[in-house]
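What the coordinates show
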Amino acid sequence: MRVLKNIASQLHIYLLWLFLAALLWGWIFTFVTDTRPVKKVTVFVEAPACRDRDLAVELEKTMPEGIRMIKVHPFTYAMFDESTLLGADLYIVSASQAGTYRDSFVPADGLPLTEGRVTDALGGIRIYDAAAGTGGADGYITYAVPGATGEDYYLFFGVNSVHVSALNGTGDDAAIAVAERLLDLNEEEKP
């Protein structure tokens, strides 16, 4: 009985230590599983469903030089931290939502990716053709819900991307290489 009273009287200290340990391990986990923006390419997908981890693993198989990881997230990932969304390198967005995020995009005009591809008024490259029902990375991204009317999706480059040399003059075009892979990753390569 005396032992229980002793533990109860010190409960606030135990809870404080538990809280501090959780913070420490959370920081360590983030440190180990993430890296600086110059060492990763971040892709945000606004679609009904996306197998983000599987797509990231597939994209990492042909990672550009100097990049340590490729992160793929649904837009809901940035629900509480808008800076993550605004700092992304690539966005995949439906035609109807593209205007909503226009300030976050830079036109792809003049990039080699646009040659022979359909672009929209904001400078995005069509990645999914709703009429044909096919598109890039469609084995990982569900662009159209079965039974619903689909719409075209476009790939955009982020205005704050550190991986488009036309934006930052660094000679780093890792986002362009990942965008090319996304556009070319098709139905035949479904896992």
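Keep in mind that what you see is a predicted model, and the values were worked out from it rather than measured.

Looking only at helices and strands, the protein features six helices and nine strands. Taken over C-alpha atoms, the radius of gyration comes to 21 Å for the protein, far larger than the 16 Å a tight globule of 191 residues would show. For the C-alpha atoms alone, the extent of the protein along its principal axes is close to 80 × 45 × 30 Å. By the burial criterion, 37% of the 191 residues in the protein qualify as buried. Working note: accessible area of the protein is about 11300 Å², and carbon and sulfur atoms make up 58% of it. Side chains of the protein carry 15 positive and 25 negative charges; the gap between the two charge centres is 14 Å.

Nonpolar side chains in soluble globular proteins generally cluster together in the buried interior. If you look at the biggest cluster of nonpolar residues, it comprises 35 residues, and the most contacted ones within it are Leu-55, Val-72, Leu-90, Ile-92, Ile-127, Phe-157 and Leu-182. At the level of elements, strand E1 (40-45), helix H3 (52-60), strand E3 (69-74), strand E4 (90-94), strand E6 (125-129), strand E9 (153-158) and helix H6 (174-184) are the ones that each hand at least two residues to this core. If we skip the residues at most four places from it in the chain, Ile-127 touches Ile-92, Thr-134, Gly-135, Gly-136, Tyr-143, Tyr-153, Tyr-154, Leu-155, Leu-182 and Leu-183. Counting residues in hydrophobic clusters, the runner-up holds 11 residues, among them Ala-78, Tyr-91, Ala-98 and Phe-105.

Evaluated as defined, the whole model comprises six salt bridges. A salt bridge links Asp-54 to Arg-51, with the nearest nitrogen and oxygen atoms 2.9 Å apart. The class for Arg-51 is partly exposed, based on a relative accessible area of 35%. With a shortest N-O distance of 3.3 Å, Arg-117 and Asp-184 are connected by a salt bridge. Residue Arg-117 is found in the loop between strand E5 (105-106) and E6, and its partner Asp-184 is found in helix H6; the two are separated by 67 residues along the sequence. Taking relative accessible area as the criterion, Arg-117 reaches 30% and is therefore assigned partly exposed. If you follow the salt bridges from partner to partner, you end up with Glu-58, Lys-61 and Arg-181 in one network.

Throughout the structure, instances matching the rule amount to nine aromatic pairs. When the ring of Phe-105 is compared with that of Phe-156, the centres are 4.0 Å apart and the planes differ by 5°; the resulting orientation is stacked. A residue pair is termed long-range when its members are at least 10 positions apart, and Phe-105 in strand E5 and Phe-156 in strand E9 qualify at 51 residues. Assigned by exposure class, Phe-105 and Phe-156 land together as buried. Grouping aromatic residues by their ring pairs yields a cluster made of Phe-44, Phe-75, Tyr-77, Tyr-91, Tyr-101, Phe-105 and Phe-156.

For the protein, the assigned domains are domain 1 (1-33) and domain 2 (36-189). The gap between the C-alpha centroids of domain 1 and domain 2 is 41 Å.

This paragraph deals with the packing of H3 against H6. To characterise two packed helices, one gives the angle between the axes of the helices and the distance between these axes. Between H3 and H6, the least distance of the axes is 10 Å, while the angle of their chain directions is 115°. In terms of orientation, H3 and H6 fall into the roughly perpendicular class. As for how H3 packs across H6, the hand of that crossing is right-handed. In this structure, H3 uses Leu-55, Glu-58 and Leu-59 to contact H6, whose residues at the interface are Val-178, Arg-181 and Leu-182. Classifying every residue of the contact of H3 with H6 gives four nonpolar, no polar and two charged.

Each regular strand carries side chains that alternate between the two faces of the sheet. Sheet analysis places E6 next to E9, joined by three bridges and oriented antiparallel. Within E9, the residue paired with Ile-125 across the bridge is Leu-155. Of the pairings in the sheet, the one linking E6 to strand E7 (residues 134-135) comprises two bridges and is antiparallel in character. By the bridge assignment for E7, Tyr-128 is matched with Gly-135. Connecting E6 to the next strand, E7, in antiparallel fashion are four residues, including Gly-133 with a positive phi near 75°.

Reading guide: rules and limits
Residues numbered from 1 in each chain as written. Predicted model: local features only at pLDDT ≥ 70, side-chain atom pairs only at ≥ 80, totals over all residues. Heavy atoms only, no water. Helix = DSSP H or I, 4+ residues; strand = E, 2+ residues; numbered from the N terminus. Rg over C-alpha atoms; globule rule 2.2 N^0.38 Å. Buried < 20%, exposed > 50% of the residue type's maximum accessible area, 1.4 Å probe, protein only. Areas by Shrake-Rupley, 256 points an atom, 1.4 Å probe, with all protein chains shown as cover. Lys, Arg positive; Asp, Glu negative; His and termini not counted. Charge placed at Lys NZ, Arg CZ, Asp CG, Glu CD. Core = buried A, V, L, I, M, F, W, Y, C linked by side-chain atoms within 4.5 Å. Contact = heavy atoms within 4.5 Å. Salt bridge = Lys/Arg side-chain N within 4 Å of Asp/Glu carboxyl O. Phe/Tyr/Trp six-rings, centres within 6.5 Å; stacked < 30°, edge-to-face > 60°. Domains from an automatic or database assignment. Axes fitted to C-alpha atoms, helices over the stretch in contact; angles between N-to-C directions. Parallel < 35°, antiparallel > 145°, perpendicular 65-115°, else oblique. Left-handed = near helix turned anticlockwise from the far one by under 90°. Nonpolar A, V, L, I, M, F, W, Y, C, P; charged D, E, K, R; others polar. Pairing = 2+ DSSP bridges.

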